[in-house]
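Chain by chain, the residues:
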Amino acid sequence: MTFDEALAALRDLVEPGRATGMAAYHKQTRPVLGIPNPALNDLTQAWRQALTVDQRVALARDLWASDIFEARIAAAKLLTQARTRPDDAVWDLIVAWVPDFDSWAIADHACMAGQKRLIADPGRIDTVETWITSDHMWTRRAAFVITLPWTKQNHPTAQDLAIRDRVLGWAAARADDHAWFIQKAIAWWLRDLSKHDAPRAQTFLETHGARLKPFARKEAGKYL
C-alpha cells in the first residue's frame, strides 16, 4: 500500500463538520481531517492484517511525516500489535517519533505502540530512562506513559519489580517538575500502581507526595 492510497482511505472516513471541533478539542494547528477513532481502529486493523512488518513500518513512517493529525494516530495504531517479529525497526521508529510529540492524543497512541515493544524486550527501558532528563516536556512525559504496563501486573516477576522501582525513582526525580502534564503523568502512574501494589504507591506518597502539586497528590492517592 502506498502513502497516497492510505491517505485516500483516510479521507474516505471523514465526517463532514467534525474537523473543526476535533482541532479545537485537541488544540491542533496541524491539519485535522475529522475522522472518529473507531473508524481509525477498523482501518488500521485491516492494514495490520494485510501488510508485512516492513510494509507497516514504511507506511507508518510516511503517515507520520505527513503531519496530519489522524495520519499520525493511524501510524501509531499501525504499529500497535503485541506479536511483531522482528520488531527492532518498529521500536526504532517509535523512539524516533518521541521528540515530535506535542499533543497528548498523538503521544499516547504512539506510547501504546511502544508499550508492546517494551514488554517484548524490557531491556529497552535503558533507552526510556534517558527521556527523563530531556528538555522536551512531552519526552519526559512519555517515559511514564510508555511504562504504564508495569503498574498493572498482579503477579510481577523480580524483573518487573525492578522496573517498577526504577520508574518510581524517575517519578521521585521529577516530583518538583511542575509542568501540568508531568504532574498528571506521575499521578496517573501512581494511581494505577495503587490498584495492584498499594504499599509501593503509599510509600512514595509518604516520602515524596508533599513535592507534588495538590491535584496530582490527590489523584495519585485516589484509591488508597
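Keep in mind that this is a model prediction, so the values were computed, not measured.

(A) Focus on the overall build of the protein chain. Looking only at helices and strands, one finds 13 helices and zero strands in the protein chain. From first element to last, N terminus to C terminus, the protein chain shows the α and β order α-α-α-α-α-α-α-α-α-α-α-α-α. The C-alpha radius of gyration of the protein chain comes to 18 Å, within 12% of the 17 Å expected for a compact globule of 224 residues. In the protein chain, which comprises 224 residues, the share counted as buried stands at 51%. A sequence separation of at least 24 residues applies to 69% of the contacts in the protein chain between residues at least 6 apart.

(B) Expanded view of helix α4 (residues 53-65). Over its 13 residues, α4 extends 18 Å from the first C-alpha to the last, a length consistent with the 18 Å expected when each residue adds 1.5 Å. Along α4, the positions that sit buried rather than exposed are V53, R56, V57, L59, A60, L63 and W64. For α4, the elements touching its buried residues are α1 (3-11), α3 (37-50), α5 (69-78), α6 (88-97) and α7 (104-120).

(C) Examining the packing of helix α9 (residues 137-145) against helix α11 (residues 180-194) more closely. Where α9 contacts α11, the axes come no closer than 9 Å and their chain directions differ by 5 degrees. Comparing the axis directions of α9 and α11 gives the class roughly parallel. In this structure, α9 contributes M137, W138, R140, R141, F144 and V145 to the contact, and α11 contributes F181, I182, A185, I186, W188 and W189. A per-class count over the contact of α9 with α11 returns 10 nonpolar, no polar and two charged.

(D) Structural context of α6. If you check which residues of α6 are buried, you get V90, W91, L93, I94 and W97. Projection of α6 onto a plane perpendicular to its axis shows the buried side chains occupying an angular sector of 165 degrees, all on one side. Tucked into the core, α6 has its buried residues touching α4, α5, α7 and α8 (125-129).

(E) Spatial organisation of empty space enclosed by the protein. Applying the stated rule across the entire model yields one cavity of 30 Å³ or more. Considering only enclosed or pocket space, the largest cavity measures out at about 40 Å³ in volume. Every residue lining the largest cavity is listed: V53, R56, V57, L78, L79, Q81, T84 and V90. Looking at which element gives the most residues to the lining of the largest cavity, the answer is α4, with three residues. Looking at side-chain class alone, the lining of the largest cavity contains five nonpolar, two polar and one charged residues.

(F) Up close: unusual backbone geometry. Across the junction of R85 and P86, the peptide omega takes the value -10 degrees, indicating a cis bond. With respect to the helices, strands and loops of the structure, P86 is situated in the loop between α5 and α6. The phi dihedral of K27 is positive, around 55 degrees, even though this residue is not glycine. On the secondary structure map, K27 appears in the loop between α2 (18-25) and α3. The class for K27 is exposed, based on a relative accessible area of 72%. Phi angles above zero are rare outside glycine, and D67 is one such case at about 60 degrees. Locating D67 in the fold gives a position in the loop between α4 and α5. A relative accessible area of 28% places D67 in the partly exposed class.

(G) Spotlight on the layout of surface pockets. Looking at the largest pocket, its volume works out to about 150 Å³. H26, N37, I73, A105 and H109 are, among the 15 residues lining the largest pocket, the residues nearest its centre. Mapped by element, the contributors of at least two residues to the lining of the largest pocket are α2, α3, α5 and α7. In terms of residue class, the lining of the largest pocket is made up of nine nonpolar, three polar and three charged.

The rules behind the values
Residues numbered from 1 in each chain as written. Predicted model: local features only at pLDDT ≥ 70, side-chain atom pairs only at ≥ 80, totals over all residues. Heavy atoms only, no water. Helix = DSSP H or I, 4+ residues; strand = E, 2+ residues; numbered from the N terminus. Rg over C-alpha atoms; globule rule 2.2 N^0.38 Å. Buried < 20%, exposed > 50% of the residue type's maximum accessible area, 1.4 Å probe, protein only. Contact = heavy atoms within 4.5 Å. Expected span 1.5 Å × (residues − 1). Axes fitted to C-alpha atoms, helices over the stretch in contact; angles between N-to-C directions. Parallel < 35°, antiparallel > 145°, perpendicular 65-115°, else oblique. Nonpolar A, V, L, I, M, F, W, Y, C, P; charged D, E, K, R; others polar. Arc of directions from axis to C-beta. 1 Å grid on protein atoms, 1.4 Å probe; cavity = no way out; pocket = protein on both sides within 12 Å on 5 of 7 lines; lining within 4 Å. Points joined across faces, edges and corners; volume = space filled by probe spheres on them.

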